[in-house]
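Results of the structural survey
Residue strings, one per chain:
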Amino acid sequence: MRALIQRVSRASVTVDGEVIGQTGAGLLVLICAMHGDGEAQADHLAAKIAKLRIFKDEAGKMNRSVLDSGGSALVVSQFTLAADTARGNRPGFSAAASPDEGERLYEYFAAQLAAQGVPVETGRFGADMAVELVNDGPVTIWMEA
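Residues numbered from 1 in each chain as written. Predicted model: local features only at pLDDT ≥ 70, side-chain atom pairs only at ≥ 80, totals over all residues. Heavy atoms only, no water.

**Here's the deal with the pairing of strand E2 (residues 18-23)**
Using the following cut-off: For two strands to be treated as a pair, DSSP must find no fewer than two bridges joining them. The numbering of helices and of strands both runs from the N terminus, where a helix is a DSSP run of H or I of at least 4 residues and a strand a run of E of at least 2.
Judged from the five bridges that link them, strand E1 (residues 2-15) and E2 form a sheet pairing that is antiparallel. Each residue of the ladder has a partner; that of serine 12, found in E2, is glutamine 22. The loop that links E1 with its antiparallel partner E2 comprises two residues; one of these, aspartate 16, has a positive phi angle of about 50 degrees.

**Regarding the nonpolar core**
Definition in use: Residues belong to one nonpolar core when they are buried, are Ala, Val, Leu, Ile, Met, Phe, Trp, Tyr or Cys, and are joined through side-chain atoms within 4.5 Å. Three exposure classes are used, based on accessible area relative to the maximum for each residue type with a 1.4 Å probe and protein chains only: buried under 20%, partly exposed in between, and exposed over 50%. Contacts are residue-level and defined by heavy atoms, with any inter-residue pair within 4.5 Å sufficient.
Of all hydrophobic cores here, the largest spans 27 residues; its most connected members are Leu27, Ile49, Phe109 and Leu113. The set of elements that each furnish at least two residues to this core consists of E1, strand E3 (26-32), helix H1 (39-51), strand E6 (72-77), helix H3 (99-115) and strand E8 (130-144). Dropping the residues within four chain positions of it, phenylalanine 109 is found in contact with Met1, Val29, Ile31, Ala42, Leu45, Ala46, Ile49 and Val75. Formed by twelve residues, the second largest nonpolar core is a distinct cluster that contains Leu28, Met34, Val76 and Leu81.

**Let's talk about H3**
Given 3.6 residues per turn, any residue in an α-helix points the same way as the ones three and four places further on. For clarity, the threshold we go by: Expected span, for any helix, means 1.5 Å times one less than how many residues it has. Throughout, the arc means the angular range of directions from the helix axis out to the C-beta atoms.
Over its 17 residues, H3 extends 24 Å from the first C-alpha to the last, a length consistent with the 24 Å expected when each residue adds 1.5 Å. Taken as a whole, H3 has its buried residues at Gly102, Leu105, Tyr106, Phe109, Ala110 and Leu113. Axial view of H3: buried residues confined to an arc of 140 degrees, hence all on one face. What points out from H3, more than 90 degrees from its buried face, is the exposed set Asp100 and Ala115. Those residues of H3 that are buried are in contact with E3, H1, E6 and strand E7 (120-122). Once H3 ends, the next one or two residues include glycine 117, with phi positive near 105 degrees.

**Observations regarding the side chain of serine 72**
Mapped onto the elements, serine 72 comes out in strand E6. Of the residues examined, serine 72 reaches a relative accessible area of 17% and is grouped as buried. Ignoring anything within four residues of it in the chain, the contact list for serine 72 reads Thr23, Gly24, Ala25, Gly26, Leu27, Val66, Val118 and Pro119.

**Describing H1**
Compared with the 18 Å implied by 1.5 Å per residue over 13 residues, the 18 Å span of H1 between its first and last C-alpha is a close match. Of all the positions in H1, only Ala42, Leu45, Ala46, Ile49 and Ala50 are classed as buried. The buried residues of H1 occupy an angular sector of 125 degrees when the element is viewed end-on, so they sit on one face. Pointing more than 90 degrees away from the buried face of H1 are the exposed residues Ala40 and Lys51. On its buried face, H1 is in contact with E1, E3, helix H2 (66-69), H3 and E8.

And the structure:
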């Protein structure tokens, strides 16, 4: 699985003009299941992201997790994280999991992140989504499992 994590002061996802998920201070997690991924990869990423110390402590150092800071997460599926840009000018996405497996692992990941104690809202798998965010820092981190 691949994840792009952004520390945000706020983020939201809109489908057909309706806000379907949002967070205040916390994380925007863009997530993509790859061929061969399973629950072990989702479990690993959920545990790692919940404990990732990228929030400022009293001294201004990145020393607190989303759990420590009382933040929440907005989890949005994004198969384009599987893009292969090695050849040509059009990215290929064949490394992404099938839509059925991608949706299953996306929902599983969001549930596992919530099970870690992080309040989670989500986008809608496969929908045309508009994601708005205010990146805090900016802090953006790429992770793979």
